[in-house]
Amino acid sequence: MCEDQKKEQPIPASEWFAALEPLLQDGCELKISPAGMSMYPFLIGGRDEVFLCSKEKRPPRRGDICLFSRADRLFILHRVHHINQRGYFMLGDAQADIEGPITKENIRATATAVICRGKKISCRNLWLRCLVEIWLWLRPVRPHIIRGYSKFAQNINRHSVY
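About the criteria used
Residues numbered from 1 in each chain as written. Predicted model: local features only at pLDDT ≥ 70, side-chain atom pairs only at ≥ 80, totals over all residues. Heavy atoms only, no water. Helix = DSSP H or I, 4+ residues; strand = E, 2+ residues; numbered from the N terminus. Contact = heavy atoms within 4.5 Å. Buried < 20%, exposed > 50% of the residue type's maximum accessible area, 1.4 Å probe, protein only. Core = buried A, V, L, I, M, F, W, Y, C linked by side-chain atoms within 4.5 Å.

**Side note on the environment of Ile107**
Along the chain, Ile107 falls in strand β7 (residues 107-116). Counting along the chain gives 31 residues from Ile107 to Ile76, while the straight-line C-alpha distance between them is 9.7 Å. The residues touching Ile107, leaving out its near neighbours within four places in the chain, are Lys55, Pro60, Cys66, Leu67, Phe68, Tyr88, Met90 and Ile102.

Here is the structure:
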């Protein structure tokens, strides 16, 4: 087949994760590019990347980004909102609704670092942890903040001179 005719076809995480999970268990890290905008404004699909390790190497805690699987075999990269005896409760940074409980078995990996706008940032970075904690507290008003920011950014882009 000619190079021009090849199309990039994403492979669902449910297919590639089973092959790569043993590497995580052996202590390797996995770098993935998230898709979608559910982790906006902290992560943008197609631009940023996430380094993952096994949940045993780094047990998830409040504010951590985790890869988890749903019953429908869909893999999701979201943040831990809280943990209790029933499980983990997750949400995307652009969302206000909490999903859970997610069982410990369905948590597949924990983020160790992110690459945001080309810069690698540890997920244990104190400044990042503070921002994340504030963002978690702002959960009820997130839709209003994101909507206001989007309108502001559109106005700035519309009035900028190139």
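**With respect to the environment of Gln25**
Among the structural elements, Gln25 can be located in helix α1 (residues 13-25). With 31 residues separating them along the chain, Gln25 and Glu56 place their C-alpha atoms 7.9 Å apart. The contact partners of Gln25, leaving out residues within four places of it in the chain, are Ser54 and Glu56.

**Here's the deal with unusual backbone geometry**
A cis amide bond links Tyr40 with the next residue in sequence, Pro41, at an omega value of 10°. Tracing the chain through its elements places Pro41 in the loop between β1 (30-32) and β2 (49-53). In this structure, Pro101 follows Gly100 across a cis peptide bond, with omega equal to 5°. Among the structural elements, Pro101 can be located in strand β6 (residues 99-102). With a phi angle near 55°, Arg117 is a residue other than glycine that sits in the positive phi range. Summarising the element assignment, Arg117 is placed in the loop between β7 and β8 (119-122). Of the residues examined, Arg117 reaches a relative accessible area of 62% and is grouped as exposed.

**Thoughts on the environment of Leu52**
Tracing the sequence through the fold places Leu52 in strand β2. Discounting residues that sit within four places of it in the chain, Leu52 has contacts with Leu24, Cys28, Glu29, Leu30, Ile32, Leu67, Leu77, Ala109, Thr110 and Ala111.

**Overview of the nonpolar core**
Core analysis: the largest hydrophobic core is formed by 17 residues, its most contacted members being Val50, Leu52, Ile65, Leu67 and Leu77. Of all the secondary structure elements, the ones that give two or more residues to this core are α1, β1, β2, β3 (65-69), β4 (75-84) and β7. The contact partners of Ile65, leaving out residues within four places of it in the chain, are Met39, Leu43, Leu77, His78, Arg79, Ala109, Thr110, Ala111 and Val114. Counting nine residues, the second-largest nonpolar core is a separate cluster that includes Phe42, Ile44, Leu128 and Leu136.

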